[in-house]
Structures are given as C-alpha cells and as structure tokens.
Amino acid sequence: MSAPLPPDDLSGIRRRLADSRGRVFWKSLEELSGSARFKEFLEREFPEQASEWDDPEGRRDFLRVMGASLALAGLTGCTRQPEEKIVPYVRAPEDELPGRPLFFATAVVDDGYARGVLVESHMGRPTKVEGNPDHPLSLGATDAFAQAAILQLYDPDRSQTLTYRGEIRPWGNFLAAMHSAVAAQRAAGGAGVRLLTGTVTSPTLIGQVQEFLATLPGARWHQWEPAGPHQTSGLQHRIEAADLLLSLDADFVGAGPARVRDARAYTSRRKLQPGGPAMNRLYVVESAPSLTGALADHRLAVRPSEVDRIARAIVGALDGGVASAEPGHQAWIAALATDLQRHAGRSLVLAGEWQPPAVHALARDLNQRLGNVGRTVTYSAVPPAGDAFGSLRELAADMDAGRVSLLVVSGTNPVYTAPVDLEFSARMDKVGLRVHLGLYQDETAERCHWHVPEAHTFESWGDARAADGTVTILQPLIAPLYGGKTAHELLAALTDRPERTAYEIVREHWQTGGGLGGDFERAWQQALHDGVVRAPAAEGTATLPAAPTASTTPAAAPFAAAPVAAAETQGLELAFRPDPSVYDGRFANVGWLQELPKPLTKLTWDNAALMSPRTAARLGITTEATSRGTTTDLVLLRYRGRAVTAPALAVPGHPDETVTVHLGYGRARAGRVGSGLGFNAYALRTSDAPWSGAGLEVAKTGERYTLAVTQEHWSLEGRNIVRAATRAQHERDPHFAARLGHKPGRELTMYPEHKYEGYAWGMAIDLNSCVGCNACVVACQAENNIPVVGKDQVARGREMHWLRVDQYYTGAVEDPDTYFAPVPCMHCEMAPCEVVCPVAATVHSEEGLNDMVYNRCVGTRYCSNNCPYKVRRFNFFLYSDWETPSLKLGRNPDVTVRSRGVMEKCTYCVQRINHARVQAKNEDRKVRDGEIQTACAQACPGRAIVFGDINDPRSEVARLKADPRNYGMLEELNTRPRTTYLAAVRNPNPEMPDQPALAPGTASHG
C-alpha cells in the first residue's frame, strides 16, 4: 500500500480509491488511510493484557455486567407451573421424556403489535424463541428483539415486589386503594382519571378500557409510544408483488411492526433462482443510514428537510413537469420518474414512520397515480394511529392544570421518554395518586406512589394483534417468577370485579363475543395450538374486533400547504431514530442486545452522534482505532436551548450537514446493565419536531471518548471476501463469482482425501438475501449459551459471538454501496486449524464438521492464529457465571457451558444435528432435507442461510452450491470451506446518472 494518510484526509482517500484497479471493498476510513496505528492494531492477533486486569475499575464494571446479564432469577420463583392449561405446538407424548423440549405458540409484543413465535421449553423452562411458521407476520423467522426476550425474562433486575412509596405492600392493599380512589371519582364521572398506556392492539384490553370508560365517561385514555405510533397502520402493502419499490425514508426491513415479513417479501424477489420471480429494483431516499438504504440499488442520502421536497418533485416529474429539487438531484429524480411510469401498477411507494403526514399523503398520491392501489397496496378503512405527541401534550396540560387526580401508567415510561418541552416529570408530580405497572423500577416508577411489577410476555395470558390484523392469544410458558401482574389485572383492579385473573379475563372476552364461533372450547384449543386466531370460515377474519378492512381507495389526506423552504433549514439538522439494539430504551438492561454490534456502525454498549465523513472533517472530528477501542472526540450538541454531550462517529454514506442520534440510552434507572450507558437523546427531543429539526450546533469539547466498535475487528486485510456484480453483468457472465476466485493448481493438496459415505453437512449463504438485521447473531448466542463480556472486553477485541455479520463498503466514501456477509466457522475440508493443535482439541468428524473438544483445549490459541477467517473465540476470562444455580434456567441444556481458557466456535448447531439423527434412526429413515435448521438459519427473515446434506443432490443446500453464483470465501487458500456464499447482485437502472460506464463483460468485484 502507498504511504499512510490521516483518517480525516478525505481528499487523499478519494484519490487512493480513484487510483485503485477494479472495485475495492473496504470496512472503514481507518482501513483506507492505512495509518501506522491501524496497521499495528491489525497485527495484534490477540489483544494485550490477556492474563490480567490492569484497570480495577474495569474489572468492577465487568462484574457488574456479568451479574446483571447472566445471574438469572431465583430457583424458587420458577418451579411453579401455570395453573391454567396451556397447549403445546406439537402434541406431547403421554410419557414426556426429560430433556425432550416442547414448543408453545405465543407472541412477542413490541409497540403493542404482535409477532407470532414458538418458544422452546425444557421441563417448564423457556430457553429459546423461534418464529411461528403459521403466523403471517413472522413466517417462521424472528428478529433480534424476539430472540433476546429469553434473557429479559430471566433478568434479575426486573421488578420483584409491589410497593407503595418504596415500601412493600400486598396485592390486597393495592386493590383497596384502587377501590377507594375510583369510588371518589364516581360522583364527577371520573373526570380526574387518566389512563396512559403504550400502543394497545389487544382486543381484550381494548374491550376492558371501553367498559371502564363507559362507567366513568369523564375519564380519558392516552396512548404513548416514543418510537411510534406507526403512521402506516392504515396501509397494507405487498412488497413481493412489486417490481419496483420507492422508499421515502421508510426502513421497512429494519423497523416497523411488519419488518420480519417485509424482509422475507423483499428478499423473495432477489433469489435469482431458475423459474423464480424476476428481480425487483429498490430506490431509497433517506435522511439517516438504514438497513433498507444499504440494500438499495439506488440510494439518495439527503437531509431530513429535503425528503418532502424530493417527494413533491417526483410527483411533479410524473405530471410531466421539471423535477424541482435540490441542485444535483434533478437527473436522479427524472430517471426515477421514468422508471416508475414503466412499472405503473407493479410498483410500490412507502413513506417512513418518522416522516410527517404530508410525506405519507404524497406516498398515497403516488401510489394512486401509478395504479398501485388494489395491486401492491391497499388502505384500511380503520384510520391510522392518532397523534401520540398531541395526546401526551393534552395529558401534560391536564396534569399541570390540576385536572388529574388519578393517573394509571401501564407499559410505557413517559418520565424518561416524553418530549422535554412537556416537562412531564414535574407536571406528573401534581397528580394526587400515581400508579405504575412495569417490568422494571424505572424512571416513571420512581415518581409514582404505587408500583406494580409486570408479568413478562412469557409469563402471562393475553392477546395482541399483528400489523396485518392477525390475532394471537398469548399463553404463559412459566408461572410469573416474581408474582407479576398483567395490564388486564391492573385494569380489573379499577372495576367492581378486581379479583379476576388474566386467564379468566381473556377467556371470557373470546367466549362472549371474540369471534371464535359456536364450538368455543375446540376453537380456543386450536387458537392456542396454532398461535393464530382463525375465525369461522363463514364469518371471515374481518369480523374480529378492530380488524382492518381493505379498501382500494385511499382515504383523503391533503398535502401540507407547502414544503419547508430551503432558507429555513440552513445549518446542521438533527434526526432522531430508535436504537437498533435497545430500541426506545426498553431493552437497555438486556446484555445480549447491548453487546450486539449495531448494523451500519458496529457500535456496542453506546450510542453516538452520527455524521458524514465530510461533516466530521469540517468540524475537525477525528477517530482512531487502537487496541483499547475506537477513540473519538466528545462534542456538545446544542439544540433549541438544550445541550447534551455525546461522542461523535463518522459513518460512510451519512447525509452531509445532518447529525443522527439514537434514542434509548442515558438511562438512570434501567438496571445494573443499562444504567449510565451513552447519552440521553430524549433530552433534545421536542413534541413539535419529534423526528427531525434544524438549528443544531456542534462544538468539540476537547475531550476524547472510547467506543467499542467491532467494524475493524477480525479484518481480513483487503482479501477477496465479497463478490458482487450488476444484474446485467451477471446475465452476461453467470459464473463471474467462481471465475474471480479460480487459481490454477488450487486442487493440489498435502491433505489426504476423505470420502464421506453418509451425511456431509454444509451451508450456503445468499448475500443477495442477507439484510444485515443481526437476528442470526442473537439466535446463535441464545442457542449456544454464549456469554456477554462487557464494553471493555469488546473494545479489546474479545467479543465471544460465534457468528458475525461483516459489513463492507465499495465506492465513494460519501455514497458507498454496502454489502453484508454473515461469517460463521467455515468447517473447512482442509482445515488449517486442525493440524496445529498440539492436543487434538479441534478435529474433523465423519460428517465433515470441524469439531471442538472443549475439555482437551489447553488454550494455546494456535488454531485461531492459523484460521484465515478469524472465526474462533477465546475465553480470556470466566465470562460464564458458574456460581449461580439459577443460571441454568435460561441456558440450553443440550450445549456445554464453557470455562476460562477454552477456544469456542460455531458447531453448525451439532446438538440439533444429533437430535435429528437419533429421531431418524428411531424411525428407520434418513434425515429429511430441511429437518435440521441451525439457529442462524431458522431465525433469518430473508432465508439467506441454508443448511443441509451436500451428499443429497436433491437437497436445497446442494442446489445452491451448484448455482453459478456460488463461491468459497478465500477459496484461493485451498481450505475447501463447507460454508460457501452466493455472490451479491444488484439491479441498477442504467439510465441513472450515478451509474458508471462499464466495459462489456466486466464484473465488479473485490
């Protein structure tokens, strides 16, 4: 490489990229700069201080993390089984065998919306979450939040006692207090009563609230979701039916209640399989980097204020007018408009949840003009969710005016999440009696008189509706560990029938009018078994309570009077987004999610002020990768008279003159893991501009801050990892991926050949179907008892994930193309790790697996040094808690728990292989194709990962390995990996101005 450059020397980096031959894939600006410090960082195969702690504070922090994330709930709380009858997804044998898991259908609920799941239970202990294949919003897949629900269930920092002013009280005292409070309000019709909940889609809970409000007509119900409400709730789209998609800041694969289904729908059109559907094309206009933008064939990064103007320009271009947008965007918009017209009736326009109503109206207008309504999109007769910010503003005003005597808060944390201009905490203190129901003693619980511990989703009966209207009845997998109550029981406490249980309330709702038909008992059992409420055929699903009904005509939604003028948006703009790991802060105490590298930044245990490299250079902000983490400048963010201090981080592809901050950090009362991490972006958020605004000022403080960023960990130093081409290039040369990696003599080897007579397990990963969502990483962690290690250890390069999702850029720093590549152990046929192990701890099985014998390993780490893929992980410390007996509750009993000084790695989920092999042997047959799914493959919403027997020519994995796009990562080293990849193919519009001219037959690659 040429002489090193400073990471902030963008002009030098641009020249280096321009002078390179072919397409260059890179991971970070530090890698492109080639600085001496970065080279030193890469040359450290193992981080320093592997044997001792040089920082006592760091050790205490590590112990704090381990205690909160891994020391699970007490044994006495989990031995009771639910008294009500629950129904397994698969019929259990009469004499249930210990060690044989059962699966129960239920749902996880985020922002009020359900996603159907199956929960694996070992002898009454939930241990793993899978998607429910019968549920239309999960289709057998999950996301990272659903996978992490297991750790949240066993979190010892969950609220465990009912308290009044901090003192423990029995449930009977609470019922008496609520009876008195409600009775005092009856004379005034309940005018002083307010209910504040999160978004509610539960038919039973909605019915309860309506009954309560009927008895107290003066009471008011407010719903508050800091990351919502979902403005697209009145829209049902069919991404799989669209040949062309336009996203107006809509991250449909990374956010929203239908993200799992939408990711599956999108990738179903990117498979490039013979006889399959034609490849779609994706355009994205976005104001902050997103997973959807990373997948785009064409992406336009703009400031938040520009999205509205660009949407109007697209409408104007379709009308035949001149695309009047920001300078430099006219040609892009004109080419897009032409492509939209070519795909009229087969296109789809989506507006982001953080966009104002005007942009949603423009998206509706575009779909109507293009003839998409009734084909790729329908609009619900039920209006979209109301204005949550306006509702919360009304509640704050009522509290400030003394009109509220009883406030009941359930499932939301407004003291932490409410817009700062509402002064919610101070106004709430004026309420005479305040009640809080929540999983944690959080910021809102601290300001309430009564706090009621909430039952976890897997501990409670309930019901919830998915984004498409599908209802799931939630059934508990375990008795409440701490005697927690549900929202149903809390609301019942305010009525004349306070002793009803959640089971009785939910069952009564569905029995008396829920729509299950005449044979209630049979329908009830079927609903619990399937995880989906199926209405009688004669009635149809539209008869279910509050179910959306389709309409081919969009409801009238006038445009805003005029877009924001360009002169009003001078200077920096600020954009707010929910965090990819902790969301709005509700998952702050879940160690699996805190340590999960965030997509697009690979940041862990923190949030940061994200900006473009050009903006960072203008502000004089620099970052540097070291053996102790990534150091960066601390900056002061001043916005509308308020200020917070935050670390800055430059992100390739980020819009210029815009700073993105993620919500959910800076918690004061989130538990031992989540408290005190990052900065509180809610302190800058106002109710009149909840998602973006102009007028931000950024100033360096002169201090530095260390971030734990994994983007530069396990660097393969520029070697050919990702192979990619355009659709046209792929059609001209279908074998481009294999040809690029071919080297004469590659088949020569000193290893003895081995013929596999039985099973030969292998994996194929389609890079065209990977959306970078990280569901596979958390699924692997949950399945294989992988511990968290804490921020300090991650910063030193000691994260323990057996599977990582690499992220590579290619192209200009300001607007690169992004590619994701999941990297597990390759299970090499000619494995270089095996020959260097002095104790034969890593060996090859008769079915082709590269196995680890943990009790042989003596920790030489020679195998990791010899692995070109850097997929082995070493226990530098005793990360797993062996002292707490209750730790076994959340662990998979089929997987060994490792001690210190042991090398770990992906095993292809050998425990699942063994289970299927035994089952097949008992039934005197071979293992069927698809019968074994590794944890990563089962979780993947895009079905990017396929596992099976490569000796079976009819298997899916064998078919993919025969695909012309199939190639082996670093196959030039002749390791012959069992895990191979299908090269990425993008579908750009050749008329777009951002498309470079390529010589015929040329393939772009690394």
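Residues numbered from 1 in each chain as written. Predicted model: local features only at pLDDT ≥ 70, side-chain atom pairs only at ≥ 80, totals over all residues. Heavy atoms only, no water.

A. Seen up close, the pattern of salt bridges. Enumeration over the complete set of coordinates arrives at 60 salt bridges. With its nearest N and O atoms 2.3 Å apart, the salt bridge here joins Asp365 to Arg369. In this pair, Asp365 and Arg369 are both assigned in helix 14 (residues 357-369), four residues apart and thus about one turn of the helix distant. Residue classification places Arg369 among the partly exposed residues on the basis of a relative accessible area of 40%. Linked by salt bridges that have partners in common, Asp110, Arg115, Asp143 and Arg259 make up one network. (Salt bridge = Lys/Arg side-chain N within 4 Å of Asp/Glu carboxyl O. Helix = DSSP H or I, 4+ residues; strand = E, 2+ residues; numbered from the N terminus. Buried < 20%, exposed > 50% of the residue type's maximum accessible area, 1.4 Å probe, protein only.)

B. Region of the structure containing the environment of Asn865. Structurally, the position occupied by Asn865 is in helix 28 (residues 862-866). Once the C-alpha coordinates of Asn865 and Val836 are considered, the two residues, 29 residues apart in sequence, prove to be 9.5 Å apart.

C. Highlighting the nonpolar core. In terms of nonpolar packing, the biggest core is built from 129 residues, with Trp592 and Leu593 touching the most fellow members. Top element by residues in this core is helix 26 (residues 775-783). It accounts for five residues. If sequence neighbours within four positions are ignored, Trp592 has contacts with Gln147, Ala148, Ile150, Leu151, Val778, Gln781, Ala782, Ile786 and Val788. With 29 residues, the next largest nonpolar core counts Val285, Val302, Ile333 and Leu366 among its residues. (Core = buried A, V, L, I, M, F, W, Y, C linked by side-chain atoms within 4.5 Å. Contact = heavy atoms within 4.5 Å.)

D. Expanded view of the sheet that holds strand 3 (residues 113-122). Ordered by their spatial adjacency, three strands build an open sheet running 2-3-4, and the pairing between neighbours is antiparallel. In this open sheet, the two strands that pair with only one neighbour each are strand 2 (102-110) and strand 4 (125-131). Sheet twist, expressed as the average angle between the axes of neighbouring strands with direction ignored, equals 40°. As defined by bridge partners, strand 3 adjoins strand 4 across six bridges and the pair is classed as antiparallel. Opposite Leu118, over in strand 4, you have Glu130 as the bridge partner. (Pairing = 2+ DSSP bridges. Axes fitted to C-alpha atoms, helices over the stretch in contact; angles between N-to-C directions.)

E. Representation of unusual backbone geometry. Unlike most non-glycine residues, Lys870 shows phi in positive territory, near 55°. Judged by its relative accessible area of 13%, Lys870 falls in the buried class. One non-glycine residue, Cys909, lies in positive phi territory at about 50°. Assignment of secondary structure puts Cys909 in the loop between strand 36 (903-904) and helix 29 (910-922). With a relative accessible area of 6%, Cys909 lands in the buried category.

F. Representation of the pairing of strand 25 (residues 629-639) in the model. For strand 25, a buried count of nine out of 11 residues is recorded, marking the element as mostly surrounded by other parts of the structure. Alignment of strand 24 (residues 623-626) against strand 25, held across four bridges, turns out to be antiparallel. Each bridged residue has a counterpart across the sheet, and for Thr626 the counterpart in strand 25 is Gly629. Between strand 24 and strand 25, which pair antiparallel one after the other, the connecting turn spans two residues. Pairing geometry for strand 25 and strand 28 (residues 692-709), over eight bridges, is antiparallel. Counterpart to Arg638 in the pairing with strand 28 is Glu697. Across six bridges, the pairing between strand 25 and strand 26 (residues 642-650) is antiparallel. Of the residues in strand 26, the one forming a bridge with Arg638 is Ala643. Between the antiparallel neighbours strand 25 and strand 26 lie two residues, among them Arg640 with a positive phi of about 55°.

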